[in-house]
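Structural description and commentary
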2 protein chains.
Amino acid sequence: MNRLSLNIDNVKPFVSADALQGLQAEVTRLHNLLESGQGLGNDYLGWLHLPSKIEAAEIQAVEAAAQSIRSQCDALISIGIGGSYLGARAAITFCNPLLRGAGGNGPDIYYAGHNLSGDYLADLLDVIRNKRVCLNVISKSGTTTEPAVAFRILKEALEQQVGVEEARRRIVATTDEKQGALKQLADAEGYQTFVIPDDIGGRYSVLTPVGLLPIAVAGIDIRKLLQGGQEAEHAATQSARLDENPAYLYAAVRHLLYKQDKTTEVMACFHPALQYVAEWWKQLTGESEGKEQRGLFPASVEYTTDLHSMGQWMQEGQRTIFETFLLVAQSNRDVSIPQFADDLDGLNYLAGKGLDYVNDKAYRGTAAAHLEGGVPNLSLTLQDRTPETLGQMFYFFERAVALSGYLLGVNPFDQPGVEFYKKNMFQLLNKPGTEKR
Amino acid sequence: MNRLSLNIDNVKPFVSADALQGLQAEVTRLHNLLESGQGLGNDYLGWLHLPSKIEAAEIQAVEAAAQSIRSQCDALISIGIGGSYLGARAAITFCNPLLRGAGGNGPDIYYAGHNLSGDYLADLLDVIRNKRVCLNVISKSGTTTEPAVAFRILKEALEQQVGVEEARRRIVATTDEKQGALKQLADAEGYQTFVIPDDIGGRYSVLTPVGLLPIAVAGIDIRKLLQGGQEAEHAATQSARLDENPAYLYAAVRHLLYKQDKTTEVMACFHPALQYVAEWWKQLTGESEGKEQRGLFPASVEYTTDLHSMGQWMQEGQRTIFETFLLVAQSNRDVSIPQFADDLDGLNYLAGKGLDYVNDKAYRGTAAAHLEGGVPNLSLTLQDRTPETLGQMFYFFERAVALSGYLLGVNPFDQPGVEFYKKNMFQLLNKPGTEKR
């Protein structure tokens, strides 16, 4: 069952059918390389068949832990950064109400360990003061500065609030199976733990316990999420043909636009529920491709709001971009526009219509206008805001970006550049074992 | 009093002192053009000396209206899009607690009319169901689709909740002084109104009632905000010299980087309170400069969180970017890192230090690493999260972008490209008076 649809009509003036066909042999070769585990970064391919291989016992354990947190707590603080943060936040923002207090079920989900802001953490400590709080600390090593610092502070606050014994029951660690600081601490304190597999990098980890536990605590059905992932996995595995594999078609189109000196891909979301999906996508693409001075710069906008800010630039600025529209075909709830007797605003022609209807026309009008303005654009439509659809979408992009990295000739599964600022930072912090240059 | 400081050391390998000096004559000429009102778009220069010219009576009226809303309501919904939305949201996010429920004072501020999402509006209607709500509808014409549609729906909901008469007392319109649909409606219904000046475009309007009213309702001292604006106005007016006018220096540096084929300026914020400041800045720069196929693409990231997602790309991706770090020197509240006896995470070397201290080192480490990676970068440091500092910053960027547009040879005050998608959309919606092509 296909819950996504890709439309590339508005790139055709820039990317011909022949050009795509010309890339097919290379795509097929790289598909086989990926499937056979012979390509670059092949020690990080655990995500490739994860949806079909994840064990029933693991799903059950995540669900049981989530149920326990939901029954014990009013608030879960998910502590992580990068790939240990963005997947869960993307899923929870996508599936759940957009505004806190709008009929959500279960604990409020807060995030920590994703910045170094005293103000943020002070505010968070205020918010949770009178709540029953659980913590899910997510870190492979347990020593990444941001989450480790936040965990120290929140662990201490929780222990002061409920005592050391009770705090131990309220903390779940998602970490390495065998080693590392967090694993050691979890064993010493007796925290429940979940495993971050060795062969899955952070940005590909949303369908592991890294993402699944906070997502389940938020009341989202992780079996349906995994089912969607599995559907997309099967579809992408069956055929490397660009006319049968939309993930590869997306990868091929963006590669050909990159070869035409487009420097930037702008993901333009037409639904506010997609805000953190865009952030997740930026990590996935940027961290996979941005190396050896290559790779599209991934940016995002939210329409229609940003049509009234970035719209001018998109229509008439430098022609160094292309646009990928990310759409939701059906909102959970639509709202109708009322008829007004006076019609001073001249909107009665829309009376009785839903906002989704107007939003769809805004998308169509924008896609045509930007094409006319010289911006190639494509669209990926998600049929709804269900976990199944989201699961398909996560896998769609993972698969596309893996192929895209291979097309670019880089290893899509490493991130060597992330260490440089850390090294400088540790020196400036006089961390033991680092020397000033 | 200077509450901002600009540091361009890390662009010097790319932009020489001589190159800057070579631009001085042109900057001086354009400064005089701006001040004399002889340049492009000179019918939209009302912002230029707004901070010093805004009338005491207007400030008082805004404060009185805000006080009345604060005493009547638990929630203000600010209805607007683009320039009628981003300034207020930037200021409120910058000055107030980052998390709802963290000791904010006065009504909760919600936003509407900035998207066409049924889900968003349905959620908002849920959230406000049991609250005492006021509306501030902000639109020059009253016919911009997004806010007009949202206002219809929210006006009807409010009337159903409290009756037509009471609703009239709970609605304030910020609109044209004399004409337009919203002005007509406001007169007919007897709403209190504030004026959007004719000579100030949306993206330069944050220090008019467009921004000031919701900002004041949020409990922020608008006199201090205006004072900061006035300080920056005086500083920028006194001298066009690049060594005396940091707003012009910023404009000159980015112009010279643009001339070196940098396509993209990434604003990298090191404090979560800056999230909507970056959105406001993107409208200001993108809409002012993105025309005639020119202008830097404005993007934003939030560090350190995005160092764990976009960090790889920034360090080693295409060298088509430069980075502007936006920093807050002093948080409102810092949080200290506790000492742990076991020190399993190895963080005891930071015990007793505040998060701000670590965040500052992360910035310094990043700036050095990215420079080494081939990314020129500069920083603007805001001394704190006070309204005075924010007022200086708003004016700093307005002034810089006006000059920058002039350096680019475009009119920084119009936005002709925004109409294209609307025209298509109206045709698709069968709006009376629009014909299908």
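Residues numbered from 1 in each chain as written. Chains lettered and ligands numbered in written order. Predicted model: local features only at pLDDT ≥ 70, side-chain atom pairs only at ≥ 80, totals over all residues. Heavy atoms only, no water.

1. With respect to the overall build of chain A
Within chain A one finds 16 helices and ten strands. At 23 Å, chain A has a C-alpha radius of gyration in line with the 22 Å of a compact globule built from 437 residues. Dimensions of chain A, computed from the C-alpha atoms along their principal axes, are close to 65 × 65 × 50 Å. Looking at chain A as a whole, 65% of its 437 residues qualify as buried. Sequence-distant contacts in chain A: of pairs separated by 6 or more residues, those separated by 24 or more amount to 79%. (Helix = DSSP H or I, 4+ residues; strand = E, 2+ residues; numbered from the N terminus. Rg over C-alpha atoms; globule rule 2.2 N^0.38 Å. Buried < 20%, exposed > 50% of the residue type's maximum accessible area, 1.4 Å probe, protein only. Contact = heavy atoms within 4.5 Å.)

2. Thoughts on the sheet that holds strand β1 (residues 4-7) of chain B
Residue and element names in this part refer to chain B. The mixed open sheet is built from five strands, whose spatial order is β1-β10-β9-β7-β8. In this open sheet, the two strands that pair with only one neighbour each are β1 and β8 (297-302). Across the sheet, the mean angle from the axis of one strand to that of its neighbour is 20°, orientation sign disregarded. Summarising the sheet, β1 and strand β10 (residues 377-382) pair through four bridges and their orientation is antiparallel. Of the residues in β10, the one forming a bridge with N7 is S379. Taken strand by strand, helix α15 (residues 387-408) contacts β1, β7 (264-269), β9 (321-328) and β10, and its axis lies near 145° from that of β10. (Pairing = 2+ DSSP bridges. Axes fitted to C-alpha atoms, helices over the stretch in contact; angles between N-to-C directions.)

3. Some thoughts on the interface of chain B and chain A
With 123 residues of chain B in contact, the opposing surface of chain A contributes 123 residues. Taking both partners together, chain B and chain A bury about 10500 Å²; carbon and sulfur atoms supply 63% of that area. Together, B:R152, B:F297 and B:H308 form the three largest contributors to the area buried by chain B at its contact with chain A, with a combined 9%. Joining chain B to chain A, the criterion identifies ten salt bridges. For A:D345, the salt bridge identified is with B:R152, shortest N-O distance 2.6 Å. Summed over the shared surface of chain B and chain A, the result is 53 residue pairs in polar contact (both at pLDDT 80 or more). With 13 residues, the single largest contributor to the side of chain B that touches chain A is helix α14 (residues 355-372) of chain B. (Buried area = accessible area lost by both parts, 1.4 Å probe. Salt bridge = Lys/Arg side-chain N within 4 Å of Asp/Glu carboxyl O. Polar contact = N/O pair within 3.5 Å; in protein donor to acceptor, adjacent residues only side chain to side chain.)

4. Looking at the relation of the copies chain B and chain A
You can overlay chain B on chain A at an RMSD of 0.0 Å; the transform is a turn of 180° with a shift of 0.0 Å along its axis. The superposition operator between the copies reduces to a two-fold rotation axis. When C-alpha distances to the rotation axis are compared across chain B, the minimum falls at B:A299, with a value of 3.3 Å. Here 100% of the contact residues of chain B are again contact residues in chain A; the copies associate through an equivalent surface. (Least-squares fit on C-alpha atoms with pLDDT ≥ 70 in both.)

5. Describing the packing of helix α5 (residues 118-128) of chain A against helix α6 (residues 145-162) of chain A
Residues and elements named next belong to chain A. Where α5 meets α6, the closest approach of the two axes is 12 Å, and the angle between their N-to-C directions is 25°. If you check the angle between α5 and α6, you find them roughly parallel. Two packed elements cross with a definite hand, and for α5 against α6 that hand is right-handed. Here L121, L124, L125 and I128 of α5 come into contact with α6, specifically with A150, I153, L154, A157 and Q161. (Parallel < 35°, antiparallel > 145°, perpendicular 65-115°, else oblique. Left-handed = near helix turned anticlockwise from the far one by under 90°.)

6. Some thoughts on the pattern of salt bridges
Evaluation of the coordinates by the stated rule reveals 68 salt bridges over all chains. B:E287 is paired through a salt bridge with B:R203; the nearest N and O atoms lie 3.0 Å apart. Residue B:E287 is found in helix α12 (residues 275-289), and its partner B:R203 is found in the loop between β6 (192-195) and α9 (209-217); the two are separated by 84 residues along the sequence. The partner of B:E265 in a salt bridge is B:R254, and the shortest N-O contact between them spans 2.8 Å. Taken together, the residues span a long stretch of sequence, with B:E265 in strand β7 and B:R254 in helix α11 (residues 246-259) at a distance of eleven residues. A residue is classified by how much of its surface remains accessible, and B:E265, at 0% relative accessible area, is buried. B:R254 sits in the buried class, given a relative accessible area of 3%. Each of A:K155, A:E159, A:E165, A:R168 and A:E189 takes part in one network of salt bridges that share partners.

7. Quick notes on the sheet that holds strand β8 (residues 297-302) of chain A
Residues and elements named next belong to chain A. One open sheet holds the five strands; their spatial order is β1-β10-β9-β7-β8, and the pairing between them is mixed. Only two strands of the sheet have a single neighbouring strand rather than two, namely β1 (4-7) and β8. Strand-to-strand twist across the sheet, computed as the mean angle between neighbouring axes with direction ignored, equals 20°. When strand β9 (residues 321-328) meets strand β10 (residues 377-382), the two strands line up parallel, connected through six bridges. Paired with T324 across the bridge in β10 is L378. Against the sheet, helix α15 (residues 387-408) engages β1, β7 (264-269), β9 and β10, with an angle of about 145° to β10.

8. So, the UniProt feature "active site" (unreviewed entry) in chain A
This chain's UniProt record puts "active site" (unreviewed entry) on A:E287 and A:K422. From this annotated list, the subset lining the second largest pocket comprises A:E287 and A:K422. Each residue touching A:E287, except ones within four places of it in the same chain, is listed here: A:R203, A:K282, A:D414, A:Q415, A:V418, B:H308, B:S309 and B:Q312. By the secondary structure assignment, A:K422 is in helix α16 (residues 419-428). (UniProt positions renumbered as here; feature names shortened; annotations may be inferred. 1 Å grid on protein atoms, 1.4 Å probe; cavity = no way out; pocket = protein on both sides within 12 Å on 5 of 7 lines; lining within 4 Å.)

9. A word on the packing of helix α1 (residues 17-36) of chain B against α15(B)
Two measures define how a pair of helices packs: the angle their axes make with one another and the distance between the axes. Residue and element names in this part refer to chain B. As a packed pair, α1 and α15 sit with axes 10 Å apart at the nearest point and diverge in direction by 110°. Accordingly, the angle class assigned to the pair α1 and α15 is roughly perpendicular. As α1 runs across α15, the sense of the crossing is right-handed. Along the contact surface, α1 presents L23, E26, V27, L30, H31, L34 and E35, while α15 presents R399, A402, L403, Y406 and L407.

10. Some remarks on the state of the cysteines
Residues and elements named next belong to chain B. Under the criterion given, the structure shown has two disulfides over all chains. Across a sulfur-sulfur distance of 2.2 Å, C73 and C134 are joined as a disulfide pair. Measuring the twist about the S-S bond at about 60°, one finds the C73-C134 disulfide to be right-handed. Placement of C73 in the loop between α3 (56-72) and β2 (75-79) and of C134 in strand β4 (residues 133-138) is noted, with a sequence separation of 61 residues between them. C269 provides the cysteine sulfur closest to C95, a residue in no disulfide bond, and the two sulfurs are 15 Å apart. Look at C95 and you get buried, because its relative accessible area is 13%. (Disulfide = S-S within 2.5 Å.)

11. Considerations on the environment of B:K224
All names here are of chain B. Here K224 shows up in helix α10 (residues 222-238). In the structure, K224 is positioned 162 residues away from T386 in sequence and 8.3 Å away in space, judged by C-alpha atoms. Apart from residues no more than four positions distant in its own chain, K224 is found in contact with P387 and E388.

12. Section: the layout of surface pockets
All names here are of chain A. Space inside the second largest pocket adds up to approximately 840 Å³. Taken together, 39 residues line the second largest pocket, and the ones lying closest to its centre are K140, T144, G202, Q415 and K422. Those elements giving two or more residues to the lining of the second largest pocket turn out to be α6, α12 (275-289) and α16. It is α16 that provides the largest number of residues to the lining of the second largest pocket, a total of five residues. Taken together, the residues of the lining of the second largest pocket break down into 15 nonpolar, 15 polar and nine charged. (Points joined across faces, edges and corners; volume = space filled by probe spheres on them. Nonpolar A, V, L, I, M, F, W, Y, C, P; charged D, E, K, R; others polar.)

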